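# Geometric and topological summary
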Amino acid sequence: MTLWATSIVAAATILAGVGLLLGLRHSTWRDLDDIAAQRVSYVSSLVEHGQLRGLIPSTGGEADVVQVLDASGRVLASSDSEVRPGSRSGFPHPLPPGLLDGRPMTLHNLAGIGDGGDFRVRAQPVQVDGRPATIVAAVSLAQPERTLSSLLTALAIGIPVLIALVAWTISVTTRRTLRPVETLRRQATDISATDLHRRLDLPASQDEIHALAVTLNDMLARLDAASAAQSRFVADAAHELRSPLTAIRAQLEVLAGYPDPERDPLVAAALLEDTERLNDLVEDLLALARSEDPAPRRPHTVVDLDEVVLAEVRRQHGLTDTGIDARGVSAGRVRGDAEALRRVVRNLLDNARRHAAHQVRVALTERGGTVELTVSDDGAGIPPADRARVFERFTRLDEARSREAGGSGLGLAIVGRIVTTHGGTVHADEDPSPEDGGLGGARLVIRLPSADQPD
């Protein structure tokens with residue numbers, strides 16, 4: 001990074017130096033051309049008014065020369081007192097064509113003009129006493145070239161020194177600036193999966209590096225929470241699996257050690273019940289794992305959610321004596337995974353049926369671009385403090401009753417995960433009392449984007 005920044009500064013400095021030299025040279029030449037043009041205009045005025053003499057009054061610097069030349073290149077008048085009329089001029093004869101067109105030019109090594117050397121020259125054709133002549137004005141480049149040479153020498157010495165100074169400054173500043181980054185990198189390297197509770201030290205400066213450290217600490221906090229949740233999940237899953245397995249093993253040991261033709265059918269029925277409970281738990285664990293898998297899922301299609309709800313209601317009628325009122329189900333179309341949405345509805349109905357005293361009510365409406373599914377029961381309801389917690393894994397508000405009823409504590413967690421991945425929301429609240437037209441128990445509400453809404 002330091003080398004890259006230094007290279008940029010060096011290139012910019014060199015370009016700036018070259019630009020300064022070229023700009024100064026252009027400006028100087030333009031000024032000299034203006035001086036030469038003024039001298040030509042002055043002499044042209046003398047010619048026009050018939051005031052031209054052999055010695056042209058000097059109005060420029062000592063090194064500047066103006067001459068009037070005849071067609072053969074001899075001097076008719078000059079600003080140099082040492083040049084006599086009729087003598088050969090120090091300007092080349094014939095003059096370069098560009099000069100006669102009015103364009104200024106640089107002529108080199110004019111030994112017979114002034115002190116010699118290089119000059120910026122302008123020329124203008126005129127008529128003197130009816131004969132063709134040429135006014136030639138030359139402005140010396142000696143002093144401007146010495147100035148430019150001195151500037152070039154200063155830049156040749158100063159630019160490397162300036163680049164070295166800037167490189168040193170950048171290096172020191174970069175090391176000082178990146179020192180907190182190196183500290184953060186070293187601390188992050190020391191943090192492993194077993195100590196995600198550790199945090200990075202925040203730099204004292206309130207800058208982008210401080211913001212980076214805060215972001216990294218927030219990420220570590222999320223990873224720590226996820227790791228803790230994963231550990232709790234593994235422990236809870238192991239505990240849940242151990243209970244039916246222990247019951248099955250105990251009953252198998254009794255069956256093997258004490259055969260009894262009268263009791264064996266009862267033991268087999270109990271084993272089948274525990275096996276079904278174990279199978280349901282494994283299915284729930286698999287469904288939860290799939291819902292949290294970031295890998296691509298099945299493509300979403302338009303699903304008639306009302307048909308899914310009514311199909312699951314018919315299925316539930318064959319499993320329980322609890323009444324299920326589905327008269328509030330109207331048309332509702334969403335976009336999603338049909339199998340996943342079917343599991344959402346099934347888990348909601350299973351949960352409501354498990355906790356209902358006598359009745360479950362299902363309603364489905366679509367309005368304002370949102371499809372709302374509501375499942376209510378007339379059970380004990382959910383305390384306000386637990387309404388968010390019921391969507392966590394292995395949450396049972398009534399541990400003994402839920403286990404006895406066969407609940408694994410994963411049903412609503414699966415619902416929450418699937419609904420979230422479909423861009424919806426789910427929450428629990430209290431259903432209105434029977435006097436207000438409700439059932440008075442728990443009410444679970446799901447809202448999903450309508451399939452008729454534009455993407």
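One structure accompanies this document, and this report is about it. (Residues numbered from 1 in each chain as written. Predicted model: local features only at pLDDT ≥ 70, side-chain atom pairs only at ≥ 80, totals over all residues. Heavy atoms only, no water.)

### Observations concerning the overall build of the chain
The number of helices and strands found in the chain is 9 helices and 12 strands. Relative to all contacts within the chain whose residues are 6 or more apart in sequence, the contacts with residues 24 or more apart total 58%. Approximately 26000 Å² of the chain is accessible, and the part contributed by carbon and sulfur atoms is 56%. (Helix = DSSP H or I, 4+ residues; strand = E, 2+ residues; numbered from the N terminus. Contact = heavy atoms within 4.5 Å. Areas by Shrake-Rupley, 256 points an atom, 1.4 Å probe, with all protein chains shown as cover.)

### Here we look at the nonpolar core
Counting residues in each nonpolar core, the largest one holds 36 residues, and the members touching the most others are Leu305, Val309, Leu348, Val360, Val362, Leu373 and Ile446. Per element, the largest residue contribution to this core is 7 residues, and it comes from helix 7 (residues 338-355). Contact partners of valine 309, with chain neighbours within four places excluded, come to Val329, Val345, Val362 and Leu373. With 17 residues, the next largest nonpolar core counts Leu46, Val68, Ala77 and Val126 among its residues. (Core = buried A, V, L, I, M, F, W, Y, C linked by side-chain atoms within 4.5 Å. Buried < 20%, exposed > 50% of the residue type's maximum accessible area, 1.4 Å probe, protein only.)

### What to know about the packing of helix 7 against helix 9 (residues 411-421)
Remark: helix 7 packs on helix 9, axes separated minimally by 9 Å, with the N-to-C direction vectors making an angle of 145 degrees. In this structure, helix 7 meets helix 9 at a crossing whose hand is left-handed. Across from Ala340, Arg343, Val344, Asn347, Leu348 and Asn351 in helix 7, the residues of helix 9 making contact are Gly411, Leu412, Ile414, Val415, Ile418 and Val419. For the contact of helix 7 with helix 9, the class distribution of residues is 8 nonpolar, 3 polar and 1 charged. (Axes fitted to C-alpha atoms, helices over the stretch in contact; angles between N-to-C directions. Left-handed = near helix turned anticlockwise from the far one by under 90°. Nonpolar A, V, L, I, M, F, W, Y, C, P; charged D, E, K, R; others polar.)

### Quick notes on the sheet that holds strand 2 (residues 75-78)
Spatial ordering of the open sheet is given by 2-1-5-4-3, a layout of 5 strands whose pairing is antiparallel. Only two strands of the sheet have a single partner each, and these edge strands are strand 2 and strand 3 (105-107). When strand polarity is set aside, the average angle formed by the axes of neighbouring strands in this sheet is 35 degrees. Bridge count for strand 4 (residues 119-128) against strand 5 (residues 131-140) is 10 bridges, and the pairing is antiparallel. Across the sheet, the residue bridging to valine 121 is alanine 138, located in strand 5. (Pairing = 2+ DSSP bridges.)

### Description of unusual backbone geometry
Residue proline 94 follows histidine 93 across a cis peptide bond; omega there is 0 degrees. Relative to the assigned elements, proline 94 resides in the loop between strand 2 and helix 2 (97-100). In this model, asparagine 109 sits at a positive phi of 55 degrees, which is unusual for a non-glycine residue. Within the secondary structure layout, asparagine 109 lies in the loop between strand 3 and strand 4. Residue classification places asparagine 109 among the exposed positions, given a relative accessible area of 64%.

### Looking at the packing of helix 6 (residues 305-317) against helix 7
Look at helix 6 against helix 7: their axes get within 9 Å of each other, and the N-to-C directions meet at 40 degrees. As summarised for this structure, helix 6 and helix 7 are arranged oblique, according to the angle between their axes. When you trace helix 6 past helix 7, the crossing you get is right-handed. Of the residues in helix 7, those touching helix 6 at Leu305, Val308, Val309, Glu312, Val313, Arg315 and Gln316 are Leu341, Arg342, Val345, Arg346, Leu349, Asp350 and Arg353. (Parallel < 35°, antiparallel > 145°, perpendicular 65-115°, else oblique.)

### A closer look at the pattern of salt bridges
In total, this model carries 14 salt bridges according to the counting rule given. Among the salt bridges present, the one from aspartate 325 reaches arginine 327, with a minimum N-O distance of 3.0 Å. On the basis of relative accessible area, aspartate 325 is assigned to the buried category, the value being 12%. As a salt-bridge pair, glutamate 372 and arginine 447 come within 2.8 Å of each other at their nearest N and O atoms. Of this pair, glutamate 372 sits in strand 10 (residues 370-377) while arginine 447 sits in strand 12 (residues 442-449), and the two are 75 residues apart along the sequence. Here glutamate 372 falls in the buried class, since its relative accessible area comes to 16%. Linked through salt bridges whose partners overlap, the residues forming this network are Glu312, Arg315 and Arg346. (Salt bridge = Lys/Arg side-chain N within 4 Å of Asp/Glu carboxyl O.)

### Focus on the sheet that holds strand 7 (residues 323-329)
An order of 7-9-10-12-11 is seen for the 5 strands of this open sheet, with the pairing classed as mixed. With one partner strand each, in any of the chains shown, strand 7 and strand 11 (425-430) form the two edges of the open sheet. Averaged over neighbouring strand pairs, the angle between their axes works out to 15 degrees when direction is ignored. For strand 7 and strand 9 (residues 359-367), the ladder comprises 5 bridges, and the chain directions are parallel. Bridged to aspartate 325 within strand 9 is arginine 361. Docked against the sheet, helix 6 engages strand 7, strand 9, strand 10 and strand 12, running at close to 165 degrees with respect to strand 7.

### Examining the environment of arginine 447
Among the residues examined, arginine 447 registers a relative accessible area of 33% and is labelled partly exposed. A C-alpha to C-alpha distance of 6.3 Å links arginine 447 and threonine 370, two positions 77 residues apart in sequence. Ignoring anything within four residues of it in the chain, the contact list for arginine 447 reads Thr370, Val371, Glu372, Gly424, Thr425 and His427. At 2.8 Å, the side chain of arginine 447 and the side chain of glutamate 372 are in polar contact. (Polar contact = N/O pair within 3.5 Å; in protein donor to acceptor, adjacent residues only side chain to side chain.)

### Observations concerning helix 9
By the burial criterion, the buried members of helix 9 are Leu412, Ala413, Ile414, Val415, Gly416, Ile418 and Val419. Just downstream of helix 9 lies glycine 423, where phi reads positive at about 75 degrees.

### Details of the pairing of strand 9
Relative to strand 10, strand 9 is paired through 8 bridges, and the arrangement is antiparallel. Bridging across to strand 10, valine 360 finds its partner in aspartate 377. Following strand 9, the chain reverses through 2 residues before pairing antiparallel with strand 10; glycine 368 in that reversal takes a positive phi of roughly 60 degrees.

### Observations concerning the environment of serine 41
Note that serine 41 resides in helix 1 (residues 2-48). Between the C-alpha atoms of serine 41 and alanine 137, which are 96 residues apart in sequence, the distance is 9.8 Å.

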